[in-house]
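Summary of structural features
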Amino acid sequence: MAAAGDGPWLDDAAGRLVRPYTVSNGRTRPTTALDLLSQVMATGARPLGYLGPEHTQALELCRAPVSVAEIAAHLKLPAAVTKVLLSDLVDCGALTTKPPSFHHNPADRSLLEAVLDGLRRQL
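Quick summary incoming for the structure in this document. (Residues numbered from 1 in each chain as written. Predicted model: local features only at pLDDT ≥ 70, side-chain atom pairs only at ≥ 80, totals over all residues. Heavy atoms only, no water.)

1. Quick look at unusual backbone geometry
How we decide: Under the DSSP-based scheme used, a helix requires at least four consecutive residues in state H or I and a strand at least two consecutive residues in state E, with every element numbered from the N terminus.
One non-glycine residue, K76, lies in the positive phi region at around 60°. Residue placement: K76 occurs in the loop between α3 (68-75) and α4 (79-91).

2. Description of the nonpolar core
Applicable threshold: Residues belong to a common nonpolar core when they are buried Ala, Val, Leu, Ile, Met, Phe, Trp, Tyr or Cys residues joined through side-chain atoms within 4.5 Å. Only protein chains enter the accessibility calculation, which uses a 1.4 Å probe; a residue whose area is less than 20% of its type maximum is buried, one above 50% is exposed, and one in between is partly exposed. Note on contacts: a residue pair is in contact if any heavy atoms of the two residues lie within 4.5 Å.
With 16 residues, the main nonpolar core has V40, I71, L86, L89 and L95 as its most contacted residues. The set of elements that each furnish at least two residues to this core consists of α2 (53-61), α3 and α4. A per-element tally of this core places α4 first, with four residues. Leave out the neighbours within four places in its chain, and L86 touches L34, V40, A58, V68, I71 and L95.

3. Details of the sheet that holds strand β3 (residues 39-42)
Put simply, the test is: For two strands to count as paired, DSSP must find a minimum of two bridges between them.
Overall, antiparallel pairing links the three strands, which are arranged β4-β3-β5 in an open sheet. The two strands at the open ends of the sheet, each matched to only one other strand, are β4 (66-67) and β5 (95-98). Here four bridges tie β3 to β5, and the two strands are oriented antiparallel to one another. Bridging across to β5, M41 finds its partner in T96.

4. Topic: the pairing of β3
The sheet contact formed by β3 and β4 spans two bridges and is antiparallel. For Q39, the partnering residue across the bridge sits in β4 and is S67.

5. Some remarks on the side chain of S87
Relative to the elements of secondary structure, S87 occurs in helix α4. When its relative accessible area of 1% is taken as the criterion, S87 is described as buried. In this structure S87 touches P30, T31, T32 and L34, once residues within four positions along its chain are discounted.

Any link to function would need more than the numbers given here.
Written out as structure tokens, the structure reads:
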């Protein structure tokens, strides 16, 4: 039986019914360079042709700028598969990308400690 809101691809007992690599048609490399912190946003252009339910879900999540990592978490897919899906959407003009920007030094000790504290509270 499918979990509520997860559609036909997830099952309460069995988990994911379709292997992640089948979602990307076996492709493991995106055509667009994407970092986990890259921001993607829908352009408003609709992709031509059928891409798949995961592409549609990803596009819906991109109404506002969102990171690749967040999309992967929402889709419950590995980051590598998510990058392939997002690059498909970039290639057809449905998404635009922006490289990550750091307002602080990414190696700033206080920032890293705050992230670590947040992760520990989640566990």
